[in-house]
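An overview of the molecular structure
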Amino acid sequence: MPTASRTCTAPLAPTPRWTALAIERWFARAARELPWRRITATGYRDPYVSLVSEAMLQQTQVSRVLDKFTPFIARFPTVHALADAPEQDVLAMWSGLGYYRRARHLHAAAKAIVERHAGVVPADPVELVKMPGIGAYTAGAVASLAFHVRAPIVDGNVRRVLLRVNGLDVDAEAGESAAWREATAIAESARNVALANEGLMEFGATICTPRAPKCGTCPLRSRCVARAMNTQDTIPRAKTAPARSMIHHLALLVRDGRGRLLVEQRPGTGLWAGLWQAPALELSKRPRSAIAAVREFADSIRVGPPKDRPFMILRHELTHRRIEARVWASERMSRKKPMQGIFLAPGEIADLPLSALHRRILLSEQCSS
DNA sequence: AATTCGGGGGC
DNA sequence: GCCCCAGAATT
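Here we summarise the structure given alongside this text. (Residues numbered from 1 in each chain as written. Chains lettered and ligands numbered in written order. Predicted model: local features only at pLDDT ≥ 70, side-chain atom pairs only at ≥ 80, totals over all residues. Heavy atoms only, no water.)

Describing the protein's contact with DNA strand B
Taken together, 21 residues sit near DNA strand B, with Tyr99, Arg101, Trp272, Arg321 and Ala356 positioned nearest. Counted by atom, the contact set of DNA strand B within 4 Å of the protein is 58% sugar and phosphate. The separation between a sugar or linking oxygen of DNA strand B and a polar side-chain atom of glutamine 61 is 3.1 Å. A distance of 2.8 Å separates a base oxygen of DNA strand B from a polar atom in the side chain of tyrosine 99. (Near = heavy atom within 4 Å. Polar contact = N/O pair within 3.5 Å; in protein donor to acceptor, adjacent residues only side chain to side chain.)

Things to note about the nonpolar core
Among the nonpolar cores identified, the biggest contains 60 residues, and Tyr48, Phe72, Trp94 and Ile361 are the most heavily contacted of them. With seven residues, the top contributor of residues to this core is helix 2 (residues 47-57). Beyond its immediate sequence surroundings of up to four residues, tryptophan 94 is in contact with Ala55, Met56, Phe72, Tyr99, Tyr100, Arg102, Ala103 and Leu106. Grouped together as the second largest cluster of nonpolar side chains are 27 residues, Trp26, Ile153, Val158 and Ala194 included. (Core = buried A, V, L, I, M, F, W, Y, C linked by side-chain atoms within 4.5 Å. Buried < 20%, exposed > 50% of the residue type's maximum accessible area, 1.4 Å probe, protein only. Helix = DSSP H or I, 4+ residues; strand = E, 2+ residues; numbered from the N terminus. Contact = heavy atoms within 4.5 Å.)

Points about unusual backbone geometry
Following isoleucine 235, the chain continues to proline 236 via a peptide bond in cis, the omega torsion being -5 degrees. For proline 236, the position within the fold is in the loop between helix 12 (225-229) and strand 1 (245-253). One non-glycine residue with positive phi stands out, namely alanine 212, at about 50 degrees. Topologically, alanine 212 is positioned in the loop between helix 11 (193-206) and helix 12. Judged by relative accessible area, alanine 212 falls into the exposed class, the value being 58%. Although it is not a glycine, asparagine 230 adopts a positive phi angle of roughly 55 degrees. Tracing the chain through its elements places asparagine 230 in the loop between helix 12 and strand 1.

Considerations on the protein's contact with DNA strand C
Around DNA strand C, the surrounding shell holds 29 residues, and the nearest of these are Gly133, Thr138, Asp155, Asn157 and Arg160. Backbone sugar and phosphate groups make up 63% of those atoms of DNA strand C lying within 4 Å of the protein. In this structure, a base nitrogen belonging to DNA strand C sits 3.3 Å away from a side-chain N or O atom of glutamate 198. Of all elements in the fold, only helix 2, helix 6 (101-116), helix 8 (136-147), helix 9 (156-165) and helix 11 reach the threshold of two or more residues within the surface near DNA strand C.

Now the structure itself:
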């Protein structure tokens, strides 16, 4: 028996090869069936489908994307169909997913693929990353998952998994470059890079979760440094949250004689750029008198006076803002000064690109009428 | 390097 | 309430 027993030695981190093979083995058995994972006659998945799903999945959970993905592909089945579609149609199919810039970028990327690559999605991540809305992650994902190119990918899941397995007790930002180095080594040593890459993400989403990771059934636990040192719950370290500003919306619901609702389009930049909504006054402070403000607003857009009280108050939270919307029903429109604007019937409103906030406003008025 | 861009799930 | 999510572009 050795006299110098090792009682408190840090465990040895696994090699990239070991991690890749363990993840591949696990994923081959545990993969969820998702609509964008279907294999075509080529033996690989449709790269256009991969491109759409990866754009939708940016900062968006799988369960959210499931509702929107199939209708989107049905409406725009090919890269040509998407490239030829009006932007408003693309936004309408994206409505409710958030981060609408992604939809515009995806649309622009489809046009670029048609114009510069004869309508064929490139397999080279160096080419992919030149397209609007495609960064290092999405380029690597399309290249590796749809073409089996040995390109690395690091998303929030992969970063967390690799930091934990290697016991790097840092915050997510500090661990970014280390995660890319490790992901590169994994992609290069994997047996099947598509299985290894997608498996790492799935593993992070279902086993090595942000909170309460399932270490008891983890296929990596024999070699996981975080598990051995009981740091799995603190990796990656949290960062301080940004302050949130308050915005007050005073929205008006205006109907014409046929019961249609007035809508306006937001400016081309900033929050909910180019999306449609009920006409609204937006204030950075709570108004001294909301009713006075909304009366003045109604007069300025030439509609009849609002009722005395809002019929609905909605609260909506975004990452950097918190929005309180008070919604007034306006009385009839002024006949003397007929206002100009766009009125839409309920069925037509359903086809507009609307933020979740204004969808709630407009649809609830449709229901209450 | 820090901010902006949505919306919702999970605890 | 807080953190996070198959991130990317802009400042």
